[in-house]
Amino acid sequence: MTTVGFIGAGKVTQALMKGLLSSGAVTPSRIYASSRTEDSLQKLKVFGVNTCLDNLWTVKNSNITVLAIKPLAFPKVLNDIAPAVGPNNIILSVAAGVTIDSIQQRLPHHAKVVRAMLNTAVQIRDGAICYTTGRNIVESDQELVHRFFSSVGLTLESEEKHLDAVVGLSGSAPAYFYLILEALSDAGVRHGLSRDVATRHASQAMLGAARMVVGIPRQGSKSEPFEVGCPYKGSARMVLESGRHPGELKDEVCSPGGVTINAIYSMEKAGVRAAMMDAVDACIKRNYELARLND
């Protein structure tokens, strides 16, 4: 049975770990995680997984080691773990902007490297994942990686040159949709709805639209395919199932100085939030006009 390691204990690790465990793809006893401090590992111990401060220990115990760390931390971490990377270890990076070549240059020549982009909806097994493989990955490795990610969402393989586009499209997209949901909810509150009712209606509308676009049956239907993740479906489900405010969920996607907060700034500068509220206002106004015509 596959053993999985995580280096880094941040939000991506927590989201992916939660999704993997809920899917049954791996058990807590077969997950190994390491981080720089005991405080950060406390967030992972609640899952019942094995934890340690030693990254070498994580790699030695894992078939797949997920590098869920900041891009600037890669040189040191790769140098540290290189002695433990054997010909059967798969090193899987989920960091934006770190290429496979830059990873392989710091690891032994036999290192098997995979680079992937995913989003936080993997924690509810509705993520969108895209991955690309390095030169030493063979067919059985590729199948293992595909099964690994398919347990938590829609999984597609791509050329590495396309991963930057994936980051902007689906990797950061949950934050875009949380902003839109928050704006729609605000519009509902502005027109007299309670916050809970406004948020639930907006989220359900987004979820229904996503299902219409990708052809997903109603939740709970036996015919519902598993690998059907899409960013706005996942975002809507996160809001509906967690009961948390869209703004809070958006903040979880936006790491300090990262790519997503830069995208959110662009949306705010363009007035997306106000535009969504104006759209609701325009719709309500026209509804009133049509009602008066029928009086």
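**Looking at the nonpolar core**
- Phe6, Leu16, Val66, Leu92, Phe148 and Phe149 are the most contacted members of the largest nonpolar core, which totals 31 residues.
- Ranked by size, the runner-up nonpolar core spans 21 residues in total, among them Ile180, Met206, Leu249 and Ala263.

**What about unusual backbone geometry?**
- Unusually for a residue other than glycine, Arg125 sits at a positive phi of about 60°.
- Among the structural elements, Arg125 can be located in the loop between strand 6 (112-117) and strand 7 (127-133).

**Observations concerning helix 11 (residues 246-253)**
- Taken together, the buried positions of helix 11 are occupied by Pro246, Gly247, Leu249, Lys250 and Val253. Projected down its long axis, helix 11 shows its buried positions confined to an angular sector of 160°, all on one face.

**With respect to the environment of Gln104**
- Take Gln104: it is sitting in helix 5 (residues 100-104).
- Residue classification places Gln104 among the buried residues on the basis of a relative accessible area of 5%.
- The spacing of Gln104 and Phe47 is 57 residues in sequence and 31 Å in space, taken between C-alpha atoms.
- Among all residues touching Gln104, those that are not within four sequence positions of it are Ala111, Val113, Gly134, Arg135 and Asn136.

**Regarding the packing of helix 8 (residues 173-190) against helix 13 (residues 272-293)**
- Look at helix 8 against helix 13: their axes get within 8 Å of each other, and the N-to-C directions meet at 45°. As far as their axial angle goes, helix 13 and helix 8 are oblique. The chirality of how helix 8 crosses helix 13 is right-handed. Contact residues: helix 8 offers Leu179, Ile180, Glu182, Ala183, Leu184, Asp186, Ala187 and Arg190, while helix 13 offers Val272, Arg273, Met276, Met277, Val280 and Asp281.

**Overview of helix 9 (residues 195-214)**
- Taking 1.5 Å per residue, 20 residues should reach 28 Å; helix 9 reaches 29 Å between its end C-alpha atoms and fits that length.
- Of all the residues in helix 9, the buried ones are Ala198, Thr199, Ala202, Ser203, Met206, Leu207, Ala210 and Arg211.

**Some thoughts on the pairing of strand 8 (residues 153-157)**
- Pairing of strand 7 with strand 8, which is carried by 5 bridges, proceeds in the parallel orientation. Its bridge partner lying in strand 8, Ala128 is registered against Leu154.
- This β-α-β element, strand 7 to helix 6 (residues 139-150) to strand 8, shows right-handed connectivity.

Thresholds, definitions, all that
- Residues numbered from 1 in each chain as written.
- Predicted model: local features only at pLDDT ≥ 70, side-chain atom pairs only at ≥ 80, totals over all residues.
- Heavy atoms only, no water.
- Core = buried A, V, L, I, M, F, W, Y, C linked by side-chain atoms within 4.5 Å.
- Buried < 20%, exposed > 50% of the residue type's maximum accessible area, 1.4 Å probe, protein only.
- Helix = DSSP H or I, 4+ residues; strand = E, 2+ residues; numbered from the N terminus.
- Arc of directions from axis to C-beta.
- Contact = heavy atoms within 4.5 Å.
- Axes fitted to C-alpha atoms, helices over the stretch in contact; angles between N-to-C directions.
- Parallel < 35°, antiparallel > 145°, perpendicular 65-115°, else oblique.
- Left-handed = near helix turned anticlockwise from the far one by under 90°.
- Expected span 1.5 Å × (residues − 1).
- Pairing = 2+ DSSP bridges.
- Right-handed = clockwise from strand over helix to strand, strands pointing away.

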